[in-house]
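Results of the structural survey
Each chain, written out:
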Amino acid sequence: MVGFRAGDVPPTATVKFIGAGTAACIADLFTFPLDTAKVRLQIQGETISPVNTGHGPVKYRGVFGTISTMVRVEGPRSLYSGLVAGLQRQMSFASVRIGLYDSVKQFYTKGSDHVGIGSRLMAGCTTGAMAVALAQPTDVVKVRFQAQISAGANKRYHGTMDAYRTIAKEEGFRGLWKGTGPNITRNAIVNCTELVTYDLIKDALLKSSLMTDDLPCHFTSAFGAGFCTTVIASPVDVVKTRYMNSAPGQYSSALNCAVAMLTKEGPKAFYKGFMPSFLRLGSWNVVMFVTYEQLKRAMMAARHNWATPL
């Protein structure tokens, strides 16, 4: 009897759903400081009243300069501010947008073996929008925590549940879904670029026999997808971050936020935090996709062993 290999049997939807959420949480644990640095750089320059820590307004310069400034002024724990909400976001968000991608793609192709670029793009947009609708409150809380200066006594939020309660109390229930429009736009772009690019690069490497369906192939595909996604999605990501973090009434809409950025800071403002964004997305994609592929195989092998009688 030929030995069972996990790659011989396609993973079930449940395996993909659980695997995607778990892999995304693992990736977040490794890359969260880069995400926090990205948020700080993106909101720099638009704050109405800069927070003063006793040494003048905090200024951030570059990825590692931002990280070192935060560690010096606020302590190392500030790099992981909002991590609980971040993990809540990934478990709900990534499970839907990545875990359901293949199933939705099959729905659009109606079972056909040929998967065109249109079906991939539609699947990416669909799962991205579904994920935002579900996980938006966790994203709002994560961004608010990351933008909050931890030094001093003027902290707006003192815990994850306190943040949910405070936002709902001060801004209404709708405050937890603030920025849903730009976030859906951002995640439609991210999902399409990230998943479709990963899909296409992986397919091309396998069809040309340059690589086998193993770790080097997953690494290369994930890194390429991370770079393409950062270039395309950065402008929308900056607007989303600023609008989510803005005080009530600061911007009338996400479009107003974008126009204000362009008027006050110029086109370069839309690529603020590009380097931490790329480092974060590139490394996040590598950790997430490599872990996801390995988890799918391990879970299918465990499922087979459980189902096979001794």
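Residues numbered from 1 in each chain as written. Predicted model: local features only at pLDDT ≥ 70, side-chain atom pairs only at ≥ 80, totals over all residues. Heavy atoms only, no water.

Looking up the protein chain in an unreviewed UniProt entry gives the name Dicarboxylate carrier UCP2, with the organism given as Carassius auratus. A UniProt comment under Subunit (unreviewed entry) is attached to the protein chain, and it reads "Homotetramer. Adopts an asymmetrical dimer of dimers functional form." One UniProt comment on the protein chain, placed under Subcellular location (unreviewed entry), says "Mitochondrion inner membrane". (UniProt positions renumbered as here; feature names shortened; annotations may be inferred.)

Relative to the helices and strands, Lys-16 is located in helix H1 (residues 13-43). Beyond its immediate chain neighbours, meaning those up to four positions away, Lys-16 contacts Pro-11, Gly-99, Asp-102, Tyr-292 and Lys-296. (Helix = DSSP H or I, 4+ residues; strand = E, 2+ residues; numbered from the N terminus. Contact = heavy atoms within 4.5 Å.)

Bringing helix H5 (residues 117-147) into the picture now. The end-to-end C-alpha distance of H5 is 37 Å, clearly below the 45 Å that 31 residues give at a rise of 1.5 Å each. The principal kink in H5, of about 65 degrees, is found at Ala-135, preceding the proline Pro-137 by one to four residues. (Expected span 1.5 Å × (residues − 1). Bend = angle between axes of the 7 residues up to and from the residue.)

This paragraph deals with the confidence of the model for the protein chain. Do not read the predicted coordinates in detail wherever pLDDT is low. The predicted model of the protein chain has a mean per-residue pLDDT of 84, with 89% of residues at 70 or higher. When pLDDT is averaged over each element of the protein chain, helix H6 (residues 160-171) comes out on top at 92 and helix H10 (residues 274-307) at the bottom at 84. Below pLDDT 50 for its whole length, residues 48-56 participates in 11 contacts with residues either more than four positions away or in separate chains. (pLDDT = per-residue confidence, 0-100.)

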